[in-house]
Amino acid sequence: RSASLVLMFSLLLRLVLARAPGAAACPSGTTRVDTFAAEGTLWSACEDLQTPGGGLTLVPAADGVEAVHLPKTYEPYAPKPDSEYYLGLGKRRVLDAKWDMLGDALLHSCDGATRTSGLCEVTWARVESAIPVMRYSRGNRQASGNNMMCSPYSPESGVRTFTGSRSASVDATFSDHADDCTDNGFPRPQGYVMNLTAIANGEPPIPPDGWFKYVNFSAMAEGLLGQPSPNLVFYFPLLPQNFSAYGGSRYWTMVASPRPDMQGGREQDVWFRFQQLRCSGARLAPPCELVGTPQYYDTYWFSNSPITDRWIRPELKANASGFYGNLLAVKRYWDRELAAEGMMALSLPDTAGTNGSWLTDQALFSMVRSMISRDDTWHPRYGVLPGYGVSLQDGFQDTFTSTATAALEWGMFPYARGVIDNWLRYYTRDNGMITYRAEELAQSGRMLTIYALYRDYTGDAQLLLHHFGRIRAHAQWLLYRFREALRNFPDLSDPRHGIIAGGDEGDTFVAFYERWGDQPQGHKYSCHANVYRGFLDLGRVLREIGEESGREDVAAHASELLAAAPKMLAALEASLAKTVVPTSNPRAPRCVPTGADPLDAVDPGPPHARQGCLGDFRGYPELMYSGALTAELADDLFNHLMYGNASALSTRPMTLGCTGYNAKQWPPKPAALPSWQSTYTAYGMAYGLLVYDMVERFLLHYFGMSAHTYTRGSWTTPEATHPDRDIGSTDYVAAGVHTAPTYLKWMHVFEEPDSRTVWLGKAVPREWLTPGAAPVVVRSSPTRYGRVGFTLRAAATAAGGYTVFANVSLPGSYVGAR
């Protein structure tokens, strides 16, 4: 009887909506789910209900106002069983391997390797098939109902994704089950909305221990609505219930739409919409229809209820106009913000192996996620709360370097300027040190390169001149460390001679001050090489600025940087000549250690088992970022990471061409497991692979990061992810979200650091350059010589081959460029 009443109410609702006075007609294939008032007119909310990822179109009744289409995505957490992944090599075999078995298979198992390298050029789809979709965060998987997976009070937060705005100080975070991770008081999807709706509809209440029999959590999915707007969607498939004779399938959706501008408010408001749908087919197969009416909530659970008016006066309940009006406001806001950035634009082919539109959407949304990660528009945060959003992480150097680099590479100069200005104003101290708990010398060197890149790309010298005192203090602190390296190790035969000593990871600071005297600072090549690169890049730019502005102090500082740079490079080359060691592994015959320090006298292992040769997930990518190695050494470095695992190391150092740690395993297990893919340390590997023309390896690394270090439907990046998807991923980090946009830019426009040669299409997939594929179009891409654009299109020839036609647009500044 209750099912009949629900069906009658659903039919009545559709009749009312269809006859709503002044309501606009819906496009074919959509259903009017509600009407609302916004922007001075009446609208119809028209949704494709026949597929879970069906789009939403907002149609105005007024003439002269354009309809707004908001695409919706649907990405299940587990679209296929694990047995269909791991390239047919077997999950257990891959996870037990001490070398990058997946990466090796992708680079060597194909019908036609490239003639230049002898390696296979991978596609995104092929790399995606290597590891299952990320399905778990680090929350409590047994939690359900009002017992949430995540909690602000537990050490492992369980945040899967989040939404927010640029202006607020906190974001709205959600677990795998869409729980409110900060316990703000959002409407709880299970214990509040679903349970009370079931009771209101005459169904039995769901008991506290009955949720795993009600919601099919393993079939949950996530998505975005109206990307690049940060509106989240969660999908909750329901299991068949013994009280119902209905033979189809049901599911709930939850949309979380953030208020786009909090205008000084620290907290983040969020509008919610919950809808229940019923489909005649199994597994959400159409035809489908609404069950009951949509429910709307303005941030808090007490703003509405499916069963009572006791919390709030009926006329003040959250309603359709509030929710859809906010959706429109979110779209208008981000359309304006992104247009004001003047960023580059891409139109890429959608081929079977690599969907260029998908990669572009992922990259653009990553920049939006980067922007909403910040506190009060400009202040950095390493993550969100609960998790890495704690204030002690705000000055983490990697957040600054990755954000500023991505903003510059995408031509988002207002964003880049704000990020750099904020860093120099609040996080660089007068003595040149950073407002953080410890030094990271490789990242400090990278900062100098970023300041130079900012001037090169934007032409703006005033920002650097305004903060010149702190920039100089920072560089002179690094100069001091170089001079100390020369003084402390004057013997030219010592590999440590002239190699800067210091830390590359802020988390290790306690060991140095607690054990000073028996814990010497390491001499990391990554630190030394990035400081060398920073001196060279910043010295060149400051020399130009000094000449243009007549500032003798700027010119003098440029001179001391440029005088030190060649000495640092000579020290690096001389040290590496002494420390590169042979191994007994024919696939990795030499190891480039990550440091110049001597072998541990108490280590009985072979020379190639020294520190660094066991796999340094941070040091090796950062060393590649400097572009200071020879091509042979870069090849040795990559091969040793992929194949050269010494038996003393319990984990492999690389997965799918990406290095990672294995120290944060959840749930905990006693045995060490394979390497994670770490997101925040990855950038240098991609950069170095392109510097040394290792395009096939670059594509393996890029596609591995794109497919497997972002949540598939909400494009959120944990600090690291594990190839065994039963192991929960770590919390979100803002320093990891920039890989997709940065790599996509470098794929199309890349500049070599020494020759300053600009490459167009250096790593464009060959699949995109085949006859019949849509053209590759890049517009307004920034370079140090000005913005460039190009189009690549392939056409078949009469002889059976094909020709690639290129149309390149260059600014006048390329004439006479040096």
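Analysis parameters
Residues numbered from 1 in each chain as written. Predicted model: local features only at pLDDT ≥ 70, side-chain atom pairs only at ≥ 80, totals over all residues. Heavy atoms only, no water. Patch = residues over 30% accessible without salt bridge, like charges linked within 9 Å, V, L, I, M, F, W, Y side chains within 5 Å. Areas by Shrake-Rupley, 256 points an atom, 1.4 Å probe, with all protein chains shown as cover. Salt bridge = Lys/Arg side-chain N within 4 Å of Asp/Glu carboxyl O. Helix = DSSP H or I, 4+ residues; strand = E, 2+ residues; numbered from the N terminus. Disulfide = S-S within 2.5 Å. Buried < 20%, exposed > 50% of the residue type's maximum accessible area, 1.4 Å probe, protein only. 1 Å grid on protein atoms, 1.4 Å probe; cavity = no way out; pocket = protein on both sides within 12 Å on 5 of 7 lines; lining within 4 Å. Points joined across faces, edges and corners; volume = space filled by probe spheres on them. Nonpolar A, V, L, I, M, F, W, Y, C, P; charged D, E, K, R; others polar. Contact = heavy atoms within 4.5 Å. Pairing = 2+ DSSP bridges. Axes fitted to C-alpha atoms, helices over the stretch in contact; angles between N-to-C directions. Left-handed = near helix turned anticlockwise from the far one by under 90°. Phe/Tyr/Trp six-rings, centres within 6.5 Å; stacked < 30°, edge-to-face > 60°. Core = buried A, V, L, I, M, F, W, Y, C linked by side-chain atoms within 4.5 Å.

**Description of a nonpolar patch on the surface**
- Together, Tyr300, Trp301, Phe302 and Trp311 give the surface a local cluster of nonpolar side chains, amounting to about 380 Å² of exposed area.
- Residue position: tyrosine 300 is located in the loop between β12 (288-298) and α6 (320-341).

**Description of the state of the cysteines**
- Under the definition given, this model contains 4 disulfides.
- Two residues share a disulfide in this structure: cysteine 150 and cysteine 181, whose sulfurs sit 2.2 Å from each other. Negative torsions about the S-S bond denote left-handed disulfides, and the value of about -100° found for cysteine 150 with cysteine 181 makes this one left-handed. Linking cysteine 150 in the loop between α4 (124-128) and β6 (161-163) with cysteine 181 in the loop between β7 (172-174) and α5 (189-200), this pair joins segments that are 31 residues apart in sequence. Cysteine 181 shares its class with cysteine 150; the two are buried.
- Here cysteine 658 stays unpaired: no disulfide links it, and the sulfur of cysteine 591, its closest cysteine neighbor, is 18 Å away.
- On the basis of relative accessibility, which here comes to 1%, the residue cysteine 658 falls in the buried class.

**What about empty space enclosed by the protein?**
- For the structure on display, the rule yields 6 cavities of 30 Å³ or more.
- Of the volumes computed, that of the largest cavity is approximately 110 Å³.
- If you go around the largest cavity, you meet 13 residues; those closest to its centre are Thr401, Gln443, Tyr625, Tyr680 and Tyr683.
- Listing elements by their share of the lining of the largest cavity, those giving two or more residues are α8 (397-409), α10 (441-458), α16 (619-625) and α18 (683-691).
- In terms of residue class, the lining of the largest cavity is made up of 4 nonpolar, 6 polar and 3 charged.

**Topic: the side chain of threonine 57**
- Structurally, the position occupied by threonine 57 is in strand β3 (residues 56-60).
- Setting aside residues up to four positions removed in sequence, threonine 57 forms contacts with Pro27, Ser44, Ala45, Cys46, Ala67, Val68 and His69.

**Focus on the sheet that holds strand β13 (residues 345-347)**
- Judged by pairing direction, the sheet is antiparallel, and its 4 strands sit side by side in the order β13-β22-β23-β24 without closing on themselves. Strand pairing shows two members of the sheet lacking a second neighbour, β13 and β24 (802-809), which therefore form its edges. This sheet shows a mean twist of 10° between the axes of neighbouring strands, independent of strand direction.
- Relative to strand β22 (residues 776-781), β13 runs antiparallel, the two sharing 3 bridges. Pairing of serine 347 across the sheet is with valine 777, part of β22.
- Packing against the sheet, helix α20 (residues 739-748) makes contact with β13, β22 and β23 (788-796), and its axis sits at approximately 105° to β22.

**Quick word on the pattern of salt bridges**
- Counted by the stated rule, this structure contains 48 salt bridges.
- Of the charged contacts, one joins lysine 91 and aspartate 726 as a salt bridge, the two residues approaching to 3.2 Å between their closest N and O atoms. With a gap of 635 residues between them, lysine 91 in helix α2 (residues 91-96) and aspartate 726 in the loop between β19 (720-721) and α20 connect regions that are remote in the sequence.
- Between lysine 524 and aspartate 504 there is a salt bridge whose closest N-O contact spans 3.5 Å. With lysine 524 in the loop between α13 (509-514) and α14 (525-549) and aspartate 504 in the loop between α12 (468-488) and α13, the pair connects residues that are 20 residues apart, well separated along the chain.
- Judged by relative accessible area, which is 13%, lysine 524 ranks as buried.

**Topic: the packing of helix α9 (residues 413-427) against α10**
- Two elements in contact, α9 and α10, have axes whose closest approach is 11 Å; the angle formed by their N-to-C orientations is 145°. Our pair here, α9 against α10, has a crossing hand that is left-handed. Packed against α9, whose contacting residues are Phe413, Arg417, Ile420, Trp423 and Leu424, the element α10 presents Met447, Ile450, Tyr451, Tyr454, Tyr457 and Thr458 at the interface.
- Of the residues that constitute the contact of α9 with α10, the class distribution is 9 nonpolar, 1 polar and 1 charged.

**Let's talk about the environment of leucine 328**
- Structurally, leucine 328 is set in helix α6.
- A residue is classified by how much of its surface remains accessible, and leucine 328, at 1% relative accessible area, is buried.
- Along the backbone, leucine 328 and aspartate 636 are 308 residues apart, and their C-alpha atoms lie at a distance of 53 Å.
- When near neighbours in sequence (up to four residues on either side) are disregarded, leucine 328 contacts Phe36, Ala38, Glu39, Trp43, Leu58 and Val68.

**Quick look at the pairing of β22**
- As paired strands, β22 and β23 are joined by 4 bridges and run antiparallel to one another. In the sheet register, valine 778 faces β23, and the bridge partner there is phenylalanine 790.
- Hairpin connection from β22 to β23: 6 residues lie between these consecutive antiparallel strands, with glycine 786 at a positive phi of about 125°.

**Let's talk about the packing of aromatic side chains**
- Applying the stated criterion to the full structure yields 49 aromatic pairs.
- Taking 5.2 Å as the distance between ring centres and 55° as the angle between the ring planes, the aromatic pair formed by phenylalanine 186 and phenylalanine 272 counts as tilted. In this pair, phenylalanine 186 sits in the loop between β7 and α5 while phenylalanine 272 sits in strand β11 (residues 270-279), placing the two residues 86 residues apart along the sequence.
- Since its relative accessible area comes to 3%, phenylalanine 186 is described here as buried.
- The class of phenylalanine 272 is buried, set by a relative accessible area of 0%.
- Look at tyrosine 300 and phenylalanine 302: their rings are 5.2 Å apart centre to centre, the planes differ by 5°, and that puts the pair in the stacked class.
- Overall, the relative accessible area of 32% leaves tyrosine 300 in the partly exposed class.
- Exposure remark for phenylalanine 302: the relative accessible area of 39% places this residue in the partly exposed category.

**Thoughts on the nonpolar core**
- By size, the foremost hydrophobic cluster in this structure holds 197 residues, and its most contacted members are Tyr451, Phe535 and Phe698.
- Look past the residues within four positions of phenylalanine 535 in its chain and what remains in contact with it is Leu448, Ala475, Leu478, Leu479, Leu561, Leu562, Ala564, Ala565 and Met568.
- Trp43, Leu277, Tyr324 and Leu327 belong to the second largest nonpolar core, which has 29 residues in total.

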